[in-house]
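Structure at a glance
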Amino acid sequence: MRSPLLNKLSLIFGPRPPLNWILLCVVSVFVLIALLGSSSSTTFETVTSSAKPDIYTNYRKLKEQARNDYLELKSISLGANRIKDVGLCGKERENYVPCYNVSANLVTGLKDGEEFDRHCELSGEYQDCLVCPPKEYKIPLTWPAGRDVIWSGNVKLTKDQFLSSGSMTKRLMLLEENQIAFHSEDGMIVDGVKDYSHLIAEMIGLGSDTEFLQAGVRTVLDIGCGFGSFGAHLLSLKLMALCVAAYEPSDSQVQLALERGLPAVIGNFISKQLPFPSLSYDMVHCAQCGIIWNSKDGLFLIEIDRLLKPGGYFVLTSPTTRQQDSSTSAKKGSTSSPLEEFTKKLCWSLLAQQEEIFIWQKTADSQCYISRQGEVPVCKGNDMQMYYQPLAHCMSGTTSHRWVRIHSKSDHLNSTELEIHGKCSFWIHPDDFFEDSNFWKLALRNYWSLLSPLIFSDHPKRPGDDDPLPPYNMVRNVMDMNANYGGLSSALMEASKAVWVMNVVPLEARNTLPLIHDRGFAGVLHNCMFQLLLEMDRILRPEGWIILSDTLGPIEKARTLAAQIRWEARVIDLQNGSDQRLLVCQKPFVRK
């Protein structure tokens, strides 16, 4: 008789496809990619599923055995199946990002910024090779030190580029030739990021930015986040601030934010919508992000309206906008700018303006859009499955069950909120939701007990001492490749781990991303890539971890593939009487 968990998997994924690369993407229960900034050894032992997890000690004694198993597996795969190790990519692939190929886009005639947008059909062939880290790459410092100090060799931006970045250099201090440090009081705008955040709170009627949560602001989309200082401050206030910035071939705001351990994703809505469902964010922020908001007949502002929840805020800080608006208003003799006029068509109200800062609030009255149909029409049809669709000149989300004004929320969804999501297209059942939550609490305890001693394998100790237990967690960035309801994110939050999770909802699965966003987590829709393990290897930091869960057959096949791409891997029996296994892998630090 099949376990309830396997029955749930069959319901989500359907019948098993042919056994090839895509098999792993479809049949895996969950994939956890931990992007570590810590030197570690590769040793594994059996993990139990008991409520009280085991803490693994004496792991150094198993180190040699793990390496022997790895070499033996490679030997078997090479001898019996003649499968060779995947080769290393050339230096030109060092900064490769799938679906972003500016040269190919220009050849096809794309221009006006669209050449920097996402075009998978033009991005070229995917090469079966392993991307090596840059020559000067070093394992990042652990959190929170890594938030404020990074290795300059780990990012595409050079020291000279930083020094030539005008006023931005006030935020940086070069401690040594190979390090860049970010001041905690970072002179961003208005005497520092903390003062800037406090001013925004005052402008929307709060006493302090510590009241953002009470006012219903939990999720913030920071467009063009620069060095990530505003997002870093919001995270300290327990807000989920996600940086989204355009693809940059010469440097990358997203890469810099990720290097600092901050949530970030590449996104450019020059021609396409961002990969988030409607009504996802409580606040959208743009500080000197270089977007002319009232161009293209207001398409960019309409996209912001789509992403904002009812009653949400759009914060725009831009001296250029102020100068342009003042100039245009003076010429026409009007008292309001074209930007302000268009926001009125969107049923936004201008809450406050101080110098270069504008704050609008989206209406919570969906009838307002219907009354202004002649200006910006209401979209027809279901807009749940938004995945890089063309920008639309219509208002979304007005008929959604999730049209609920932002308000103060607890860390847990209440029965009313679950009922709202139960009316959406994925038909969530409360029993399934709570079963998923309990499962991830237990799984997380087992994962942490398994990985913690491994992470601290280089911790100094005197002869005869027991292996030390970790005082803090060393994992900062996690990608959940099949997030379902966001149970892993919730379990990490309840366990007070200083970790952020990028929740990925596959296009082939139920679209639970609205639920994930309403829980205050970061997430995107995405399609499983054919070369899944190679793609994991590309985005994973050296010495990072991978955890796969499935039945014994697929796990053994995945183990063979893991050896082919040089991961050190071990299969772990859960010892609960089922056929379920864990495959725990570590990516080595490979230099060309």
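Residues numbered from 1 in each chain as written. Predicted model: local features only at pLDDT ≥ 70, side-chain atom pairs only at ≥ 80, totals over all residues. Heavy atoms only, no water.

As annotated in an unreviewed UniProt entry, the chain carries the name Methyltransferase and comes from Anisodus tanguticus. Quoted verbatim from the Sequence similarities (unreviewed entry) heading of the UniProt record, the comment on the chain is "Belongs to the methyltransferase superfamily." (UniProt positions renumbered as here; feature names shortened; annotations may be inferred.)

This brings us to the pattern of salt bridges. Considering all chains together, one arrives at 15 salt bridges under this definition. The closest approach of N and O atoms between D282 and K309, which form a salt bridge, is 3.7 Å. Of the two residues, D282 sits in strand β8 (residues 281-287) while K309 sits in strand β9 (residues 308-317), which places them 27 residues apart along the sequence. For the pair formed by D282 and K309, the shared burial category is buried. Between D537 and K587 there is a salt bridge whose closest N-O contact spans 3.9 Å. Here D537, found in helix α18 (residues 532-539), pairs with K587, found in the segment after β17 (580-586); they are 50 residues apart in sequence, far enough to count as distant. When sorted by exposure, D537 lands in the same class as K587, which is buried. (Salt bridge = Lys/Arg side-chain N within 4 Å of Asp/Glu carboxyl O. Helix = DSSP H or I, 4+ residues; strand = E, 2+ residues; numbered from the N terminus. Buried < 20%, exposed > 50% of the residue type's maximum accessible area, 1.4 Å probe, protein only.)

Taken in spatial order, the seven strands line up as β7-β6-β5-β8-β9-β11-β10 in an open sheet, and their pairing is mixed. In this open sheet, the two edge strands, each paired with only one partner strand, are β7 (264-266) and β10 (348-354). On average, adjacent strands in this sheet sit at an angle of 20° to one another, irrespective of strand direction. Pairing of strand β5 (residues 219-223) with β8 involves four bridges; the strand directions are parallel. Bridged to D222 within β8 is H285. The sheet strands contacting helix α8 (residues 229-236) are β5, β6 (240-245) and β8, and the helix crosses β6 at an angle near 165°. Sitting on the sheet, helix α10 (residues 299-307) touches β5, β8, β9, β10 and β11 (357-362), and the angle it makes with β9 is about 135°. (Pairing = 2+ DSSP bridges. Axes fitted to C-alpha atoms, helices over the stretch in contact; angles between N-to-C directions. Contact = heavy atoms within 4.5 Å.)

Among the six residues in β6, six count as buried, and that is most of the element. Residues of β6 alternate between two faces, with M240, L242 and V244 on one and A241, C243 and A245 on the opposite face, all of them buried. Pairing geometry for β5 and β6, over five bridges, is parallel. Residue D222 lies in a different strand from β6, and its bridge partner there is C243. The pairing of β6 with β7 spans three bridges and is classified as parallel. Directly across from A245, in β7, lies its bridge partner I266.

On to the state of the cysteines, then. Going through the model one piece at a time under the given rule, you end up with six disulfides. The disulfide bridge from C89 ends at C129, spanning 1.9 Å between sulfur atoms. Between C89 and C129 the sulfur-sulfur dihedral comes to about 95°; the bridge is accordingly right-handed. Placement of C89 in the loop between α3 (60-80) and α4 (102-107) and of C129 in the loop between α4 and α5 (145-148) is noted, with a sequence separation of 40 residues between them. Neither C89 nor C129 differs from the other in exposure class; each is buried. Its sulfur unpaired, C132 is 7.2 Å from the next cysteine sulfur, which belongs to C89. (Disulfide = S-S within 2.5 Å.)

What follows is about the nonpolar core. Core analysis: the biggest nonpolar cluster contains 42 residues, and L221, F276, W293, I304 and F314 have the highest contact counts within it. Take this core: its biggest share by element is six residues, from α10. Beyond its immediate chain neighbours, meaning those up to four positions away, F314 contacts V284, C286, W293, L301, I304, L308, W348, F358, I359 and W360. Core analysis: the next-biggest nonpolar cluster, separate from the first, contains 24 residues, I204, A287, A352 and I406 among them. (Core = buried A, V, L, I, M, F, W, Y, C linked by side-chain atoms within 4.5 Å.)

On to helix α12 (residues 338-345). For α12, the full list of buried residues reads L339, E340, F342 and T343. Angularly, the buried residues of α12 cover 165° about the axis, an arc narrow enough to put them on a single face. One or two steps after α12, the chain reaches C347, where phi turns positive at roughly 65°. (Arc of directions from axis to C-beta.)

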